[in-house]
Amino acid sequence: MGEDSFSAVVVNSLIENGYDVVMITTPYYPNYLYKRLELTAQKNKIEFSREQDIHAPAFIKKIKEHNPDLLITAHFEKLIKSELINLPKLGCLNLHPSLLPAYRGMAPQHWPIINGDKETGVTVHYIEEGIDTGNILVQKKLPLDPNIYVAALQKEMLPVYSTIMVEAVKEIENRRGKGTPQHIEEGSLYGRFKIQQAMISTDTKKMYAYNLIRAISKPYMGARFGEYILWKASMPSGENEMQLMQRFPGIGLHFDEKKAYLNLQDGMLIIDSYELIKKDERKNN
């Protein structure tokens, strides 16, 4: 079960390692993110479905007919209930792009950048009815460059995606598959990222603004200041920052013929790429 091209990387890793993928399922969303999964299914003659309700009796019946050893999810945002969890003989596994128990829930690739973490990673864990709470089978750490953008981080994670689920399945094959319990109290849980959280105000600290811009840049919604989306920013050197603050005094967004400059309470950011928010979106917000 998955939703996008990242899910397809996991599917292909299983196929290439000789595992029998009998069905690929994606939620019925009004977009085309599922297309890479559909093409993977067609290429490998695997049953493919888009489901409005993964707990509908007809879909549960279809799973039962396949009698699977494992149900695997990767980039799948729907919660799975006990009726589905208990169907596969060896359980259900999920790929979660954070170092669980940190950043359980939504936007796990974004929040480590926003919070200025020095590392992140990818975890494969058993699914239970809690949100990303099951025992951990495999976990891989990745250093988090202080200037990385979310799309570049996702690209760095792809090689891990192509191996980590296979490692987890082999753990189960070799009867080492109980996993390690999570200490949930030491972790964190986040909900879906909201447009209000993308807003930079005149009270926002410079480093937080810089992190936010990098964390939700393209292909995501982008950080906002006033009527502008800020796609890319850089930190000026100390001397250059003082010169820019003298050139553009006053809190707010300033412009010259090439770039924009965001002057905040504790310093300046150079805005290397930005655009005006569309009128329709401004009206909705």
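To start, this report covers the structure provided alongside it. (Residues numbered from 1 in each chain as written. Predicted model: local features only at pLDDT ≥ 70, side-chain atom pairs only at ≥ 80, totals over all residues. Heavy atoms only, no water.)

Remarks on the overall build of the protein chain
Summing up its helical and strand segments, the protein chain has 9 helices and 13 strands in all. If you line up the protein chain on its principal axes, its C-alpha atoms span 70 × 40 × 30 Å. The 285 residues of the protein chain split such that 48% are buried. Restricting the contact set of the protein chain to residue pairs at least 6 apart, pairs at least 24 apart contribute 66%. Summed over its atoms, the accessible surface of the protein chain is roughly 15000 Å², and 51% of this surface lies on carbon and sulfur atoms. (Helix = DSSP H or I, 4+ residues; strand = E, 2+ residues; numbered from the N terminus. Buried < 20%, exposed > 50% of the residue type's maximum accessible area, 1.4 Å probe, protein only. Contact = heavy atoms within 4.5 Å. Areas by Shrake-Rupley, 256 points an atom, 1.4 Å probe, with all protein chains shown as cover.)

Concerning the sheet that holds strand S13 (residues 267-276)
Taken in spatial order, the 5 strands make up an open sheet running S9-S10-S13-S12-S11, and their pairing is antiparallel. Where the open sheet ends on each side, the last strands, each with one partner, are strand S9 (223-225) and strand S11 (252-255). Neighbour to neighbour, the strand axes of the sheet diverge by 50 degrees on average, direction disregarded. Where S9 and strand S10 (residues 228-234) come together, 3 bridges link them in antiparallel fashion. Residue pairing in the sheet places Ala 223 in a bridge with Leu 230 of S10. (Pairing = 2+ DSSP bridges. Axes fitted to C-alpha atoms, helices over the stretch in contact; angles between N-to-C directions.)

Focus: a nonpolar patch on the surface
Judged by side-chain polarity, Leu 79, Ile 131 and Leu 189 come together as a nonpolar surface patch covering roughly 270 Å² of accessible area. Looking at the element boundaries, Leu 79 is found in the loop between strand S3 (71-74) and helix H4 (82-85). (Patch = residues over 30% accessible without salt bridge, like charges linked within 9 Å, V, L, I, M, F, W, Y side chains within 5 Å. Salt bridge = Lys/Arg side-chain N within 4 Å of Asp/Glu carboxyl O.)

Description of the layout of surface pockets
Roughly 1200 Å³ of internal volume is contained in the largest pocket. Contributing to the lining of the largest pocket are 42 residues, with Phe 76, Glu 77, Met 106, Ala 107 and Pro 108 lying nearest its centre. Sorting the residues of the lining of the largest pocket by element identifies helix H1 (5-16), strand S4 (92-96) and strand S8 (189-190) as the ones contributing at least two each. The element best represented in the lining of the largest pocket is S4, accounting for 3 residues. Residue composition of the lining of the largest pocket, grouped by class: 19 nonpolar, 14 polar and 9 charged. Taken as a whole, the second largest pocket holds about 700 Å³ of empty space. Taken together, the elements giving at least two residues each to the lining of the second largest pocket come down to H1, strand S1 (23-27), helix H3 (57-66), S3 and helix H6 (150-173). Looking at the lining of the second largest pocket, its residues break down into 20 nonpolar, 6 polar and 3 charged. (1 Å grid on protein atoms, 1.4 Å probe; cavity = no way out; pocket = protein on both sides within 12 Å on 5 of 7 lines; lining within 4 Å. Points joined across faces, edges and corners; volume = space filled by probe spheres on them. Nonpolar A, V, L, I, M, F, W, Y, C, P; charged D, E, K, R; others polar.)

Thoughts on empty space enclosed by the protein
Left-over empty space is what a probe sized like a water molecule reveals as it rolls over the atoms. Tallying each qualifying case throughout the model produces 1 cavity of 30 Å³ or more. Each pocket or cavity is described by its volume, and for the largest cavity that value is around 30 Å³. When grouped by side-chain class, the residues that make up the lining of the largest cavity number 4 nonpolar, 2 polar and 1 charged.

What about the pairing of S4?
The element S4 is extensively covered by neighbouring structure, given that 5 of its 5 residues are classed as buried. The alternating pattern of S4 places Cys 92, Asn 94 and His 96 on one face and Leu 93 and Leu 95 on the opposite face, and all of these are buried. Bridge count for S3 against S4 is 4 bridges, and the pairing is parallel. In the strand pairing of S4, Ile 72 is matched with Leu 93. The pairing of S4 with strand S6 (residues 119-126) spans 4 bridges and is antiparallel. Opposite Asn 94, over in S6, you have His 125 as the bridge partner.

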